[in-house]
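Each chain, written out:
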Amino acid sequence: MDPVYDHLVTVLTDKFEVDDEEVRPGSTLAALELDSLAVVELYVTLQEHWGVPLEEDDSAAELTLEQVAQAVTAQLSGAGAAADRGGAPR
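About the cut-offs
Residues numbered from 1 in each chain as written. Predicted model: local features only at pLDDT ≥ 70, side-chain atom pairs only at ≥ 80, totals over all residues. Heavy atoms only, no water. Helix = DSSP H or I, 4+ residues; strand = E, 2+ residues; numbered from the N terminus. Buried < 20%, exposed > 50% of the residue type's maximum accessible area, 1.4 Å probe, protein only. Contact = heavy atoms within 4.5 Å. Areas by Shrake-Rupley, 256 points an atom, 1.4 Å probe, with all protein chains shown as cover. Patch = residues over 30% accessible without salt bridge, like charges linked within 9 Å, V, L, I, M, F, W, Y side chains within 5 Å. Salt bridge = Lys/Arg side-chain N within 4 Å of Asp/Glu carboxyl O. Lys, Arg positive; Asp, Glu negative; His and termini not counted. Charge placed at Lys NZ, Arg CZ, Asp CG, Glu CD. Expected span 1.5 Å × (residues − 1). Arc of directions from axis to C-beta.

Some remarks on the overall build of the protein chain
Reasoning step 1: Counting its secondary structure elements, the protein chain contains three helices and zero strands.
Reasoning step 2: When the helices and strands of the protein chain are placed in sequence order, the string is α-α-α.
Reasoning step 3: By residue count, 32% of the 90 residues in the protein chain fall in the buried class.
Reasoning step 4: Excluding contacts between residues fewer than 6 apart, the proportion of contacts in the protein chain whose partners are at least 24 apart in sequence is 57%.
Reasoning step 5: Summing over all exposed atoms, the protein chain offers an accessible surface of approximately 5,700 Å²; the carbon and sulfur share of this is 50%.

Structure representation (structure tokens):
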């Protein structure tokens, strides 16, 4: 897959001890038995690693791993585009 998804899987299996056989792009965080505190911790971990803000709300546990990875990728793309706009000559 992509580096964001791969890192997400690594964090889930290493830090949260999720069984790697249960980790699939369509798995929700709730299905992987992450409670609300664990979801917040996951988001903080991803934000610190990638340096992007992520919106975590009550429905975050219902997001699939693919959706979480897409959210991070979108933030990375947005941050890169903003940096490009700021650094471009006028």
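A few points about a negative patch on the surface
Reasoning step 1: A contiguous patch of negative charge, built from Asp19, Asp20, Glu21, Glu22 and Glu33, is present on the exposed surface.
Reasoning step 2: Its place among the elements puts glutamate 21 in the loop between helix H1 (3–14) and helix H2 (36–50).

Some remarks on unusual backbone geometry
Reasoning step 1: In this model, glutamate 17 sits at a positive phi of 55°, which is unusual for a non-glycine residue.
Reasoning step 2: In this fold, glutamate 17 is placed in the loop between H1 and H2.
Reasoning step 3: Its identity as a non-glycine residue notwithstanding, glutamate 33 has a phi of 65°, on the positive side.
Reasoning step 4: The topology assignment puts glutamate 33 in the loop between H1 and H2.
Reasoning step 5: Its relative accessible area of 72% is what places glutamate 33 among the exposed residues.

Thoughts on the side chain of threonine 64
Reasoning step 1: With respect to the helices and strands, threonine 64 occurs in the loop between H2 and helix H3 (65–87).
Reasoning step 2: In this view, threonine 64 contacts Pro25, Gly26, Ser27 and Thr28; residues no more than four positions away in its chain are not counted.

Considering H2
Reasoning step 1: End to end, H2 covers 21 Å across 15 residues, agreeing with the expected 21 Å (1.5 Å per residue, within 8%).
Reasoning step 2: Inspection of H2 places Ala38, Val39, Leu42, Tyr43, Thr45 and Leu46 among the buried residues, and these make up the whole buried set. Taken end-on, H2 shows its buried residues confined to a sector of 160°, consistent with a single buried face. Among the exposed residues of H2, those pointing more than 90 degrees away from its buried face are Ser36, Leu37 and Glu48.
Reasoning step 3: At the C-terminal side of H2, glycine 51 shows a positive phi close to 70°.

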